[in-house]
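A look at the structure
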Amino acid sequence: MFSYYLRLAWISIVRHWGLSLLMVCAIGLGIGAAMTTVTVNYLMSANPIPEKSEQLYYVQLDSWDVNDPFDDGLNPPDQLTFTDSSNLMRAQKAFRQNVQAQAFGVIEPEDPEMLPLIVNGRANSADFFTMFNVPFIYGSGWSNQSDESKEFVVVLSKETNDKLFGGEDSVGKSIKLEGNMFRVVGVVDTWQPKPRFYDITTGAFNESEDIFVPFHLIADEKISRSGNTNCWKPTGDGFKAFLASECIWTQFWVELKTEQEKEDYLQFLNAYVEEQKQFGRFQRPVDNRLSNVMEWLEVQEVVADDAQMMMAMSFMFLIVCLLNTVGLLLAKFLGKAPEIGLRQALGASKATLFSQYIIESACIGILGGILGLLLAYLGLKGVEGLYGDYMQGLASLDTNMAVLAVGLALISTILAGLYPTWRACNIQPAQQLKSQ
Amino acid sequence: MLETGLILRALARNKIGALLIALQIALTMTIMVNAIFMIQDRQHQMQRDSGLDEANTFYLTNTVFGQDYNIQAHLQTDLHMIRNTPGVIDAIQINAVPLSSSGWSMALQHEPGEDKDAVGSAIYMVDEHAINSMGLELIAGINFTQEDIELRKDGQSTWPAKTIITKAFAENLYPDDWQSAVGKTVYISQTQPMQIIGIVKALQAPWNGWNGVERSMLVPFHRESKGSYYFIRTEEGRRDALMPIIEKALAESDKERIIRRVTTVEDTRKRSYRQHNATNKILTTVVITLTLITGFGIVGLAIFSINRRTKQIGTRRALGATKRQIMSYFMMENFIISAIGNVIGCIGAVGLNMWLVSTFNLSPISFELIAFGVVALFIVGQLAVLYPARKAAMIAPATATRTI
C-alpha cells in the first residue's frame, strides 16, 4: 500500500507541478535559512574540549577599584594582575595550573637570505600543554623544572616549524628569538580549538599561536607581551613598577579533578584574598569565581548577539514558509474534493485517505528538506565569505546537521499537512458526487 | 459598499484560508520591519565620521628587532624621509589607528583624586603634524608646537602637560559649553594635570563598538618603543602609488626592523565594519526572500480560490458584472485580508522589537518604519493578486452555463 500511495503522491505532485514547486521552494528556503543560522550558533557554542571541559577552570578575582567596580559589579575582572597570578602559581594548590598571556617576537632565521619573521606567541607555564591536551608531532612541552630553572625553551607550531626547518624534527635545535637563543623542545600538530577557549579576551575565533614560550620570560623582559591590558590605578615608572601594579593582563587556568577539589580551591582563593586585604588590596567584597570551560564561554558571551538574533529571525521565517505550505496544501487538497468523494464512495476509509495525503505532504517535505540542505550549504559558504576570518571554519555542515535539516523539514511539513489532510478526510462524498 | 459586505460573507465561509494569508502577512511584517530597523541602525553606525581623510591616508607597522638600536634617531630620519617624499602631505608616528580595534584608553577627571568621576577616552600619541597628517579639523584653540613634544619611554607613567581633544569629548566634559574646554585643566591617571589647548571636530577611537567611540585625545609624545605605526597622508589620488614606494624605502634604509601591514584607512574601515556589512546583507536577503514567498503564496492561493469559484464568477458575469467588477472584487478581498494581517503584524513588530530591546539592547523602533511596512505589504498584496484577478476577469460568462 505504501508504495501505491507514494506513486499516487508523485502523480499528484507532478500534475500540480507549479503549486508543488512553490511549496518545495518555500520549505527549502525556510529550512535553508534556519539550518544556516542554527549551524553557526551550534558551532559557536560547541564544546572545544569535551573530554575535560568540566575539569578546567578559569580563575577570576575581584581586585578592581572599590569606587568604580569592573563591569558595573556584575562580573569580576576578566584577567588577573601579575602579582596575583604569580602568587597562585607559587602556591601550586591545584592539580595543574597555568598562567599565560599573549606575546609576540621576531625570529631571525640562521639563513641570512631569509627575512626575519614576526610571530604571535603565547607565554605560558609547563602545564599548559597537558591541561589543554595539545597534540605534538615531535617532542613535547617543557617540564616544570625548565620553568623553575628559567630555561630558554620554545614549542613551535607546525606552520612555524615548516617555515624554519622545512617540517623536519627540530627538537633539540635552536632558534634566535628576540636576540636570544631558544632550544626547541616540541612541535605542535595542527591545533585550532573553536572557540579558542583558552584565551577569549583576544578573540574567541582567532588562530592559535605560532610559538609557545615560558611565561617567566615576560617578567625578565626577554619577550614582549601583547593582548589586553586594563588598569584602574596609576602605575609607577618602568616595567618593574608595571609588574607590581594593579593592571590586569594575565590569565590563570587550573585543572581540578573533582567537585571536592573545586570546593577546596575556591576556599584557598577566598583565604588568599582575605590575606591580601591586609595589605590594603582587594577592597571590594570577596567575589572569586571558578568557571569551567562552558561556563566561561557563556560568561564571555562567545556566541555573538548577531548570530542569536538571526537564528530567531530565521525561525520566524520558517514559520512563514510553513504557513504558506499549510495554505497551499489546503487549497490543493480541497481542490481534489470530487476525487476524494469518489474514492470514499468506492469504499476508502478515512484512515486510508489520511495516510495517502499525509504521505503526499511528507514527500513534499523531503524534497523541501533536500533543497533546504543545499541552500544551507550555499548559505554557510555565503556567511563564511561575508564574515571572513571571523567565521573561518565555523561554517561547515556535519552529518548531525544534515539529518536535522531533513528531519525538521519532514516533521514540519507533516505538521503543516495535518489540518489540510483532516479537512480533506471530512469531505461529504454525497455532496461531491451530486455536483459531478 | 455592497461589494465589501459580499466579500466579508464569502471570506467568512473560508475563514482558514484567509486567516492563513493574514497570518503570513502579519509575520512577514513583523520580521521585515525589525530587519529593516536593524539594517538602518547598522548603517547609521557605519556612517559616523571617523574624522580622518580616509581616501588619502594609510599606515604601516614598524617593528624593531635589532639590539642596541637608536630608536629616537631612526624615528627622526624616517619621518624626515617620508615627509619629504614627493606626493606625501604629512606623516606621523602614532601608537594606534582609529577603527583598527586595538589601542589605548585612559580616563580623565575634573578634579584630582582617587574617587572622582572619570570619563574614558582613546589616546593617540602624536606630534604637531598629527592634525595635518590625519586630515583633522581644529575648530577651537591651537595645535601643539615642536617644543611640546616629549619623548616617552616604554613603561613611563607620566604624561605631558598639554592635550587636544575631540568636540564630542569636550561636550562630555563640559556639557553646558564645549568651547569653554579650551584652556581648562583636567587630570589623567587620577592626579596628573593636563591642559586642553585645542579641540578637533571629530576623531574616532579604535573601537567601533564602544559607546564612547567619539571620545579621543591627542597627546604630544614621540614613543621610544620597538613597535609603532607610521601614519601617512598623501595628495589626492596618489596613495596607492606611494604605498609600495614608502614601504620599500623604509625597509631598505635599515635592516634591523620589519615593515609590515601596509594598510589603507579605507581597508581598515571595511574590516572594522565587516560584521555589520555581512549582517546587513543577510538581513536584506531575508527581507527580499520573505516578501517574495509571501507574494507567491498569495498568488498560489488566489489562483486556487478562483479556480474553485469559476462557476460562480461565470454566473456573476452572465448576470451582468463587468470585468472591472470581477477584478476589483478580488483586489478588495486581498485588501481586506492584508488589512487584518497588517493589524496583527503591527502588534507583532512592536512585540518583537520590545524583545530585541530587552535582550540585545537595541533602541525602540520608529513609527515611520511601521507605516512603511504597512504600505509596502499592501502594495505587495495588491501586486500579487493582480494576475489571478485578471485571470478571473477573463472567465467567459458562458462557463456558467457549460458545467451546470
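On a predicted model such as this, the values are computed, not experimentally measured, just so you know.

Let's shift gears to the overall build of chain B. Secondary structure assignment for chain B yields twelve helices and twelve strands. Judged by the C-alpha coordinates and their principal axes, chain B covers about 105 × 50 × 35 Å. Across the 404 residues of chain B, 53% fall into the buried class. Sequence separation of 24 or more characterises 82% of the internal contacts of chain B that already satisfy a separation of 6 or more. Chain B carries 39 positive and 35 negative side-chain charges, and their two centres are separated by 22 Å.

Turning our attention to the packing of aromatic side chains. Each aromatic ring pair is specified by the distance between its two centres and by the angle formed by the two planes. Under the counting rule described, the total for this entry stands at 34 aromatic pairs over all chains. A ring pair is formed by Y272 of chain A and F282 of chain A, whose centres lie 6.5 Å apart and whose planes are at 80°; its orientation type is edge-to-face. Of this pair, Y272 of chain A sits in helix α9 (residues 259-277) while F282 of chain A sits in the loop between α9 and β12 (289-292), and the two are ten residues apart along the sequence. With a relative accessible area of 6%, Y272 of chain A lands in the buried category. When its relative accessible area of 3% is taken as the criterion, F282 of chain A is described as buried. Consider the rings of W207 of chain B and W210 of chain B, whose centres lie 5.7 Å apart with planes at 85°: the pair is edge-to-face. Three or more aromatic residues link up through ring pairs in this structure, and these residues are Y58, F128, F129, F132, F136, W142, W191, F197, Y198, F212, W253 and W296 of chain A. The ring of W249 of chain A has R225 of chain A sitting right over it, with the charged end atom 4.8 Å from the ring centre. One cation-aromatic arrangement involves K257 of chain A over F95 of chain A; the distance from NZ or CZ to the ring centre is 4.1 Å.

Before going further, it helps to spend a moment on the pattern of salt bridges. All names here are of chain A. A complete count under the given rule lists 30 salt bridges over all chains for this structure. Its salt-bridge partner being D199, residue R122 comes within 2.8 Å of it at the nearest N-O pair. Of this pair, R122 sits in strand β4 (residues 117-124) while D199 is found in the loop between β8 (180-188) and β9 (211-214), placing the two residues 77 residues apart along the sequence. Each of the two residues, R122 as well as D199, counts as buried. Between E246 and R281 there is a salt bridge, and its shortest N-O distance comes to 2.6 Å.

With that settled, consider the domain arrangement of chain A. By a widespread convention, an interface's size corresponds to the accessible area lost as its parts come together. For chain A, the assigned domains are domain 1 (2-45 + 304-435) and domain 2 (56-299). Look at where the C-alpha atoms of domain 1 of chain A and domain 2 of chain A centre, and you get two points 51 Å apart.

This part covers a negative patch on the surface. Taken together, the side chains of E54, D68, D71, D72, E259, E263, D264, E295, E298, E301 and D305 of chain A together with D117 of chain B present a region of like negative charge at the surface. Among the elements that make up the negative patch, the one with the highest residue count is α9 of chain A (three residues). D305 of chain A gets classed as partly exposed once you look at its relative accessible area, which sits at 36%.

A separate point is the packing of helix α2 (residues 15-47) of chain B against helix α10 (residues 323-360) of chain B. All names here are of chain B. Here α2 crosses α10 at 40°, and the two axes come no closer than 7 Å. Considered as vectors, α2 and α10 are oriented oblique to each other. The crossing of α2 and α10 is right-handed. Considered class by class, the residues forming the contact of α2 with α10 number 16 nonpolar, eight polar and no charged.

What follows is about the interface of chain B and chain A. Each partner contributes to the interface: chain B provides 49 residues, whereas chain A provides 51 residues. For the chain B and chain A pair, buried surface summed over both sides reaches about 4,300 Å², with 73% attributable to carbon and sulfur atoms. Considering only the side of chain B, the residues that lose the most area to chain A are I293, F304 and F360 of chain B, jointly responsible for 14% of the buried surface there. Between the two partners, chain B and chain A, sit zero salt bridges. Where chain B touches chain A, the interface holds five residue pairs in polar contact (both at pLDDT 80 or more). Mapped by element, the contributors of at least two residues to the side of chain B that touches chain A are α2, β12 (257-264), α8 (274-308) and α10 of chain B. Top contributing element to the side of chain B that touches chain A by residue count: α8 of chain B, with 17 residues. Among the residues forming the side of chain B that touches chain A, the class breakdown is 23 nonpolar, 19 polar and seven charged.

Attention shifts here to the domain arrangement of chain B. Under the domain assignment used here, chain B contains domain 1 (2-47 + 274-403) and domain 2 (66-255). The straight-line distance from the C-alpha centre of domain 1 of chain B to that of domain 2 of chain B is 55 Å.

Another aspect to go through is the environment of R271 of chain B. Residues and elements named next belong to chain B. Relative to the helices and strands, R271 is located in helix α7 (residues 265-272). Accessibility expressed as a relative area gives 53% for R271, which makes it exposed. Note: C-alpha distance between R271 and S101 (170 residues apart in sequence) is 9.8 Å.

Here a disulfide denotes one covalent bond, and it connects the sulfur atoms of two cysteines. All names here are of chain A. Inspection of the entire model under this criterion finds one disulfide over all chains. Across a sulfur-sulfur distance of 2.1 Å, C231 and C247 are joined as a disulfide pair. What sets the handedness of the C231 and C247 disulfide is the S-S torsion sign, and at about 110° it is right-handed. Note that C231 is positioned in the loop between β10 (224-225) and α8 (238-243) and C247 in the loop between α8 and β11 (248-255), a separation of 16 residues in sequence.

Glancing now at a nonpolar patch on the surface. Residues F354, I411, L415 and L418 of chain A make up a contiguous nonpolar surface patch of about 370 Å² in total accessible area. For the nonpolar patch, the element with the most residues is helix α14 (residues 399-425) of chain A, which contributes three residues.

The next subject is the sheet that holds β12 of chain B. All names here are of chain B. The strand order β2-β11-β1-β12 describes an open sheet built from four strands, whose pairing is antiparallel. Strand pairing shows two members of the sheet lacking a second neighbour, β2 (88-94) and β12, which therefore form its edges. If you compare each strand with its neighbour and ignore which way they point, the axes differ by 20° on average. Along the sheet face, helix α3 (residues 71-83) touches β1 (57-64), β2, β11 (227-234) and β12 and points at about 155° away from the line of β2. Here α7 sits on the sheet in contact with β1, β11 and β12, set at roughly 70° to β12.

Conventions we followed
Residues numbered from 1 in each chain as written. Chains lettered and ligands numbered in written order. Predicted model: local features only at pLDDT ≥ 70, side-chain atom pairs only at ≥ 80, totals over all residues. Heavy atoms only, no water. Helix = DSSP H or I, 4+ residues; strand = E, 2+ residues; numbered from the N terminus. Buried < 20%, exposed > 50% of the residue type's maximum accessible area, 1.4 Å probe, protein only. Contact = heavy atoms within 4.5 Å. Lys, Arg positive; Asp, Glu negative; His and termini not counted. Charge placed at Lys NZ, Arg CZ, Asp CG, Glu CD. Phe/Tyr/Trp six-rings, centres within 6.5 Å; stacked < 30°, edge-to-face > 60°. Lys NZ or Arg CZ within 6 Å of the ring centre and 35° of its normal. Salt bridge = Lys/Arg side-chain N within 4 Å of Asp/Glu carboxyl O. Domains from an automatic or database assignment. Patch = residues over 30% accessible without salt bridge, like charges linked within 9 Å, V, L, I, M, F, W, Y side chains within 5 Å. Areas by Shrake-Rupley, 256 points an atom, 1.4 Å probe, with all protein chains shown as cover. Axes fitted to C-alpha atoms, helices over the stretch in contact; angles between N-to-C directions. Parallel < 35°, antiparallel > 145°, perpendicular 65-115°, else oblique. Left-handed = near helix turned anticlockwise from the far one by under 90°. Nonpolar A, V, L, I, M, F, W, Y, C, P; charged D, E, K, R; others polar. Buried area = accessible area lost by both parts, 1.4 Å probe. Polar contact = N/O pair within 3.5 Å; in protein donor to acceptor, adjacent residues only side chain to side chain. Disulfide = S-S within 2.5 Å. Pairing = 2+ DSSP bridges.

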